[in-house]
Amino acid sequence: MKFPGILVSQNRFCQIISKAKCQCYGNEELSILYPAAIVTIDGFSLFQSLRACRNQVARAAASGNENVQPPPLAYKKWGLQDVDTIVDHASIGIMTLCPFDQMKTASNIGGYNAAIKNSPPAMSQYVTVGANPFTGFFFALEGSSQPLLSHVALAVASKLTSALFNAASGWLGWKSKHEEEPVQKQKPKVEPATPLAVRFGLPDSRRHGERICLSPCNTLAAVTDEFGRVILLDVTRGLAVRMWKGYRDAEIGWIQTVEDLQERETEKMDSSPFGNAQGPSRVAQFLVIYAPRRGILEVWSTQQGPRVGAFNVGKYCRLLYPGYKIMGLNNVTSQGWQPQTYQICLLDPVSGSVKTVHVPFHLSLSDKKSERAKDMHLVKKLNALLKAKTSDPDLIEAEAKELILDIKYPATKKQALESILTSERVPLSSLTNITQTLMDDLQKQELECVDEGLLQFCTNKLKLLHLYELVSKLNSQSIQKEPSPSDIDLAKLLRLEERDFHRLEILLENYKNENTQTTTQLTDEKDDVLSVKMFLEYLEYEKDVITVKNLEDGEYVALGSFFFWKCLCGESSTEEMCHALESAGFSPQTLLSLLLNLWLSKEKDILDKPDSVSCLHTMLLLLSKMKVAIDESWDTQSVSPWWQQMRTACVQSENNAAALLSAHVGHSVTAQIIDSVTEKKFSQIIVGSDTESWEALSLDTEYWKLLLKQLEDCLILQTLLHSKVAKRTRRVSSLQTEPLGRLSVKKLLEAGKGGIADTVAKWVFRQGFSPIILNVAQYKNNTDSTEESAEMHNNLFLEEPEAAAGLERILELLQVAYQQFPCSLEVDVLHAHCSWECVVQWNKDPEEACFLNRSIDHLRCIINSHIQHGIALMMWNTFIVKRLSSATYLMDKVGKAPKDRLCRRDVGMSDTAMTAFLGCCSELLQTLLEADVSSDEMQAPVLDTEDAWVSVEGPVSIVELALEQKRIHYPLVEHQFVLCTVLYAIMRLSLKGVKPLSLFDSKGKNAFFKDLTSIQLLPSGDMDPNVLSVRQQFLLKVVSAAVQTLCSSQKDREISEEDFPFEKGKNWPTLAADLAQYLQISEDLVRRHYVCELYSYGMDHLGEEAFLQVADKEVLASQLLMLAGQRLAFTLLHGQIKDGMELLTRLPPTLSTWLKAMDPQEVQNVEVPIATTARLVSKVIEHLPENHGQYSLALNLIEAVEAIPA
């Protein structure tokens, strides 16, 4: 921003200003040099004062106020004494002496008895150049004299004329010199300077200083004189430490360079404290001297360093060195500020250009470190070359050779070579040539000077590069592909019977079809391509042996694919590849590991290429014949580590088809080698005998047979887990969409005896299958009756009818699994695991009540009562009892079916889910009671395991835990069952005014939620009449609510008379009658109330059926007579028939009075045909004895009903 006038003006000394200098953030100040004095103004104070002046003037201009009082300005004025001439100066800033210097200075000034302060005083240091002395050092004690505060000149105190504002546009300032001042201004007052004597200096009487330039860190200063010298001063010690001659009229400046921490990598071995790359950055200072008479610009390292640069620039340039940046910053604002100026620059007026000077930090180091820094600089240059966009590889190769040969230190050479080898832009030929050039250069040197580590490094990398070139050449060579072997040839190769080979093909085809539906595999475009960079990173060459580093699975497969994939596809020579790798230094064990990892990871491609099996057989046979592959001491009665390595890889693999094929190949090659060894051993003993039909037995062969059986089982199981029904349209829980992990023999061996059934149970849960599917598959597996199996298949149901599309396929796979695992997948064992899996998943999400219901369904399908009893008891103790307890106390607290919010808060589920939960609790306890009774007539099962899986280890199976459970206490479970049924009735029928625990006495309440196997004190004998009354009211409420629900359902849905609208198997009136027996209430009372409620709602057809179950029909007939009277009263008194009152007067007085006393509102449905009421009255007369008090009333009533027209 430009100001139209002077903002503020002050007069501090009645002399001409010689020079003014400024210092930036850190020790901000403006120092003004007069011939015999120095005035210093605090930089931050000056900045704030100028800003305040600008704001005041702006406000004055806006308001029209001419009286502006500028803020005070803090400054110090020092009168320099004992100096003849001062030409230039430098303000060093505030410093503090060390204790020794403090005592030395005090002794020099005050003598032997001088006193000193405990803490050294702070002093402002000033250095001047001129004459007598040549350089003078002044020290001003901080706090010795107060800084002088002055105001703007006295003339400012008078009123400013309006012309002032017109000329300055609102800014405070003096009038221009072209205007005449009508009034003579008063001369401003000037304060005297504080005398300051020179402390010491460099008294060279013939030398006159011209200029002093302070370094950026305020420790050094460069001074020029009339003799053409440049003198370097140590301002801290007051010494001249260096002098340059021949620089007349020189211009000087400084450059400060900060070290890059990344460049310390080459100095890690140095003993310097700065050798740690995590330490602070070092700072170097360089002196720049421009000699105009010689037209040269030089850069010197201080203090004893050499000249690091010289440039011919011309004789008419100007060296610009500001020495400061910006004022007004503090420790906060300076953090994010970036300098907008150069440290130093050279202005060339001839060309009109501005040139800057940049000096690398390493030029400030000593000679030894300078070489290392130069090497580091070359490495950086090499890295820049490798990143440059240069398309000419020959140019890159030539420059890289030159740079790497120029590097001195071996460690840096190694670093440079590693950079080249890891570059993806350098071709293989260039990498080989560069490495070979460096190795040749090392070999030409004297033996004592050669670094053995670097030479060995070059040799190893060169061998790896040659190996990469050879393998690439073999992969690129095309050979004549052999015809694909037939099935008979493959069966013979794998030493399988034709029937067994056909079965293997079917298993692999089923696995391939199911696996294709569930997984998608991304295949690389070129499996045999591996970059040189990756190849060198993956391998290590040491002592003529190549080892593979610890790689990730994908990297390991990529390396194996580079070596063997072409061979497995039959597109490259297997013999030549194996010979090349063996000659290069690979151990057979390493090659076998690479081959197996490749084979097992390329399962999809292998299943599409049957001829790859024969290629694997050939390659495995060649690897087995290598030296140290199979131990020479190996015999048929011991286990070979070679084959054990292969079996371990197959056991751990989750790609079951590839593992099974590789195991067949391994078994075949093992048998072939054993046959050859046995033939050699017995050829000398038995001569001329027929040994072709002999089969050599060995321990390895038996291990192979066991592994083949395990892998085949695992393959069948994995095929089943991959199968699924058609896409379901109904909502599926997120728990059912979680993917199942892939299987391996190792996982099954570590999963325990129940691992196989547990795996299938997880699959059944995710598919949402009904338990009947498992029974159908087992039934079809055990019977030949196609008609019965077809009938059961027709009754089969899933969660969705659309899912039945792939059901037949799933049933077939289940049958195969049942045949393969007759013990592990026995129907009861499988149902037990499915039941447990469903309840576990329900516990994760209690809102999914269908999971708990499905768990109960599986539990009911268990045939053996011992298993059923144990699973039910474990479910109760683990998942049910705690939630049931919370629900009970909540319902007892609110006295009705609680709202959704309360259910979620106390029980952790919604009100709908809690209703289903309570129903499942009743089902669970009922199943437990039935299992306890049936277990007395049934023996406990004997759990067995397939021969191939006898060695399983891991957790105890669910079935084993179930069989270890104690027997329940039957009365306690029955007592708990009554409570669950009561709770379910309250929630299901939305009953109000019922506290469930009020139906039981103190003994009954204390027995709830206790261990079902324990003996508890239960209610016995006569019950309290108050409790019985509460129980009776509850049962009657249940019946009334049930009939009301039935009536509303018939109206809404128009269901048939035979259907009951409650849950499957839930007839609430019958259940209420059963509960009455447990609760010591008359069952007949409940049944009579049920019949009355049916007639009250006008469902006479159902009432007639329920009438038959009532024992005391006389009492019921009396109750129904009242109901018939209420119907007739409504018809005569409130109905729509004509002459109702006339008909009423014709009736006998007794009947008429009785009908008028009836209240029709007590009947729920009064709009019943008169014929139906007549049938009800006839039924009443039928069951009332003639001597009954209401019999005559009933006869009169039937006559009255018959007299009413229909």
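This one's a predicted model, so the numbers in the text were calculated from it and none came from an experiment. Sequence order sets the numbering: in each chain, residues are counted from 1 along the sequence as written. Only residues with pLDDT of at least 70 get local features here, since the model is predicted, and only at 80 or more are side-chain atom pairs given and counted; chain-wide, interface and lining totals rely on the full set of residues. Side-chain numbers here rest on the full set of heavy atoms in the structure, without hydrogens or water.

Peer 1: Can you explain the overall build of the protein chain? Please cite residues and give values.
Peer 2: Counting its secondary structure elements, the protein chain contains 41 helices and 23 strands. We call two residues contacting when some pair of their heavy atoms lies within 4.5 Å. Taking the intrachain contacts of the protein chain between residues at least 6 apart in sequence as the baseline, contacts between residues at least 24 apart amount to 72%. Working note: accessible area of the protein chain is about 61,500 Å², and carbon and sulfur atoms make up 51% of it. In DSSP terms, a helix is any run of H or I states spanning at least four residues, a strand is any run of E spanning at least two, and both are numbered starting from the N terminus. For the accessible areas, the method is Shrake-Rupley and the probe is 1.4 Å, while residue cover comes only from the protein chains on display.

Peer 1: Tell me about the sheet that holds strand 14 (residues 239-244), residues and numbers included.
Peer 2: Pairing is antiparallel in the open sheet, where four strands are placed in the order 11-12-13-14. Both edges of this open sheet fall to strand 11 (209-214) and strand 14, since each of them pairs with a single strand only. Within the sheet, the average angular offset between the axes of one strand and its neighbour, ignoring direction, is 25 degrees. Each pair of strands is called paired provided DSSP finds at least two bridges between the two strands. In this structure, strand 12 (residues 220-225) lies alongside strand 13 (residues 230-234), joined through five bridges in antiparallel fashion. What sits directly across from leucine 220, in strand 13, is aspartate 234. Angles run from 0 to 180 degrees between N-to-C directions of axes, and those axes are lines fitted to C-alpha atoms, restricted for helices to the stretch in contact.

Peer 1: Give me the pattern of salt bridges: which residues, what numbers.
Peer 2: The rule for a salt bridge is simple: a side-chain nitrogen of Lys or Arg has to be within 4 Å of a carboxyl oxygen of Asp or Glu. Inspection of the entire model under this criterion finds 39 salt bridges. Glutamate 571 is paired through a salt bridge with lysine 566; the nearest N and O atoms lie 3.1 Å apart. Under the scheme applied here, a residue whose accessible area is under 20% of the maximum for its type counts as buried, over 50% as exposed, and between as partly exposed, the area being computed with a 1.4 Å probe on protein chains only. Judged by its relative accessible area of 33%, glutamate 571 falls in the partly exposed class. A salt bridge links glutamate 930 to arginine 860; the nearest nitrogen and oxygen atoms lie 3.7 Å apart. One end of the pair, glutamate 930, is in helix 29 (residues 911-934); the other, arginine 860, is in helix 26 (residues 849-861), and 70 residues separate them in sequence. When salt bridges that share partners are traced, they join Glu738, Asp758, Lys762, Arg766 and Glu837 into one network.

Peer 1: Describe the sheet that holds strand 15 (residues 251-258), naming the residues involved and giving the relevant values.
Peer 2: Taken in spatial order, the four strands of this open sheet run 15-16-17-18, and their pairing is antiparallel. Strands at the two margins of the open sheet, each flanked by one partner only, are strand 15 and strand 18 (307-312). Across the sheet, the mean angle separating the axes of adjacent strands is 20 degrees when strand polarity is ignored. When strand 16 (residues 283-291) meets strand 17 (residues 296-301), the two strands line up antiparallel, connected through six bridges. For leucine 287, the partnering residue across the bridge sits in strand 17 and is tryptophan 300.

Peer 1: Quick rundown of a negative patch on the surface? Include the residues and the values.
Peer 2: What goes into a patch is any residue over 30% in relative accessible area without a salt bridge, connected to like charges within 9 Å or, for nonpolar side chains (Val, Leu, Ile, Met, Phe, Trp, Tyr), within 5 Å. Think of it this way: Lys and Arg go in the positive column, Asp and Glu in the negative one, and His and the chain ends go nowhere. Think of each charge as sitting on NZ of Lys, CZ of Arg, CG of Asp or CD of Glu. A cluster of acidic residues, Asp487, Asp489, Glu497, Glu498, Glu505 and Glu509, forms a negative patch on the protein surface. Of all the secondary-structure elements, those providing two or more residues to the negative patch are helix 9 (487-493) and helix 10 (498-518). Here the element with the most residues in the negative patch is helix 10; it accounts for three residues. On the accessibility criterion, glutamate 498 (65% relative accessible area) is exposed.

Peer 1: Describe the pairing of strand 13, and please don't skip the residues or the numbers.
Peer 2: With five of five residues buried, strand 13 lies mostly within the body of the structure. Burial along strand 13 is two-sided: the residues Val230, Leu232 and Asp234 and Ile231 and Leu233 are all buried. Taken together, strand 12 and the strand that follows it, strand 13, pair antiparallel across an intervening segment of four residues, in which glycine 228 is found at a positive phi of about 80 degrees. Two strands pair when backbone bridges link them, and strand 13 and strand 14 are joined in this way by five bridges, in the antiparallel orientation.

Peer 1: Outline unusual backbone geometry, listing residues and values.
Peer 2: With omega at 5 degrees, the peptide bond leading from asparagine 132 into proline 133 counts as cis. Residue glutamine 303 is reached from threonine 302 by a cis peptide bond, and omega for that bond is 5 degrees. Looking at where glutamine 303 falls in the secondary structure, it is placed in the loop between strand 17 and strand 18. Of note, lysine 543 is a non-glycine position whose phi angle comes to about 55 degrees, a positive value. With respect to the element layout, lysine 543 can be found in the loop between strand 22 (539-542) and strand 23 (545-548).

Peer 1: So, the environment of asparagine 132: which residues are in play, and what are the values?
Peer 2: Structurally, asparagine 132 can be placed in the loop between strand 6 (122-131) and strand 7 (135-141). Of the residues examined, asparagine 132 reaches a relative accessible area of 35% and is grouped as partly exposed. Residues asparagine 132 and glycine 201, 69 residues apart in the sequence, show an inter-C-alpha distance of 8.8 Å. Contacts of asparagine 132, omitting those with residues within four sequence positions, involve Asp82, Val83, Asp84 and Ser205. Polar contacts, as counted here, are pairs of nitrogen or oxygen atoms within 3.5 Å of one another; within protein the pair requires one atom able to donate a hydrogen and one able to accept it, and residues that are adjacent in sequence qualify only if both atoms are side-chain atoms. A polar contact of 2.9 Å, which involves the side chain of asparagine 132, links it to the side chain of aspartate 84.

Peer 1: So what about the packing of helix 19 (residues 699-722) against helix 21 (residues 755-767)? Which residues, and what values?
Peer 2: Across the interface, helix 19 lies against helix 21 with an axial gap of 9 Å and an inter-helix angle of 15 degrees. Classified by the interaxial angle, the pair formed by helix 19 and helix 21 is roughly parallel. Classified by chirality, the crossing of helix 21 by helix 19 is left-handed. Every residue of helix 21 that contacts helix 19 at Leu717, Leu720 and Leu721 is listed here: Ile756, Thr759, Val760 and Trp763. Polar here means any residue other than Ala, Val, Leu, Ile, Met, Phe, Trp, Tyr, Cys and Pro, which are nonpolar, and Asp, Glu, Lys and Arg, which are charged; Gly is therefore polar. Residue composition of the contact of helix 19 with helix 21, by class: six nonpolar, one polar and no charged. In these notes the angle categories are as follows: under 35 degrees is roughly parallel, over 145 is roughly antiparallel, 65 to 115 is roughly perpendicular, and the rest is oblique. Crossing handedness: left-handed means the near helix sits turned counterclockwise from the far one by under a right angle, and right-handed means the same turn made clockwise.

Peer 1: Explain helix 7 (residues 428-444) residue by residue, including any values.
Peer 2: The end-to-end C-alpha distance of helix 7 is 24 Å, a good match for the 24 Å that 17 residues give at a rise of 1.5 Å each. Along helix 7, the residues that are buried comprise Ser430, Leu431, Thr432, Ile434, Thr435, Leu438, Met439 and Leu442. Residues of helix 7 that are buried make contact with helix 5 (393-406), helix 6 (410-421), helix 8 (452-476) and helix 11 (532-538). By definition here, a helix of n residues has an expected span of 1.5 Å times n minus one.

Peer 1: Outline the environment of leucine 961, supporting the account with residue identities and numerical values.
Peer 2: Relative to the helices and strands, leucine 961 is located in helix 30 (residues 958-963). Residue class for leucine 961 comes out partly exposed when judged on its relative accessible area of 30%. Sequence spacing of leucine 961 and isoleucine 867 is 94 residues, and the spatial spacing of their C-alpha atoms is 9.2 Å. The contacts of leucine 961, once residues within four sequence positions are left out, are Met874 and Val956.

Peer 1: Would you mind going over helix 31 (residues 970-989) in detail, with residue names and values included?
Peer 2: Between its first and last C-alpha, helix 31 extends 28 Å over 20 residues, near the 28 Å set by a 1.5 Å rise per residue. Within helix 31, 16 of the 20 residues are buried, which leaves the element mostly enclosed by the surrounding structure.

Peer 1: Explain the environment of threonine 40 residue by residue, including any values.
Peer 2: Mapped onto the elements of the fold, threonine 40 is located in strand 3 (residues 37-42). Between the C-alpha atom of threonine 40 and that of alanine 20, which follows or precedes it by 20 residues, the distance is 9.6 Å. Apart from the residues lying within four places of it in its own chain, the contact partners of threonine 40 are Glu29, Leu30, Ser31, Tyr75, Lys76, Trp78 and Tyr126.

Peer 1: Report on the nonpolar core, specifying residues and quantitative values.
Peer 2: Ranked by internal contacts, the top residues of the largest apolar core, which has 267 residues, are Phe535, Leu539, Phe563 and Phe1034. A per-element tally of this core places helix 27 (residues 865-894) first, with 14 residues. In this text, buried Ala, Val, Leu, Ile, Met, Phe, Trp, Tyr and Cys residues form a nonpolar core when linked through side-chain atoms within 4.5 Å. Within the second largest apolar cluster, 34 residues are counted, among which are Phe286, Ala291, Trp300 and Phe361.

Peer 1: Talk me through the state of the cysteines; I want residue IDs and the actual numbers.
Peer 2: The disulfide definition used here is simple: a pair of cysteine sulfur atoms within 2.5 Å. According to the stated counting rule, one finds zero disulfides in the structure shown. Summary of cysteine pairing: cysteine 980 is not part of a disulfide, and the nearest cysteine sulfur, belonging to cysteine 921, is at 5.1 Å.

Peer 1: Before we move on, could you go through the packing of helix 14 (residues 588-601) against helix 16 (residues 612-624) and cite the residues and values that matter?
Peer 2: For the pair helix 14 and helix 16, the least separation of the axes is 10 Å and the interaxial angle reads 165 degrees. Taken together, the axes of helix 14 and helix 16 are roughly antiparallel relative to one another. When the axes of helix 14 and helix 16 are compared, the crossing they make is left-handed. Contacts between helix 14 and helix 16 involve Pro588, Leu591, Leu592, Leu595 and Trp599 on the former and, on the latter, Ser612, Val613, Leu616, Met619, Leu620 and Leu623. Residue classes in the contact of helix 14 with helix 16 are distributed as ten nonpolar, one polar and no charged.

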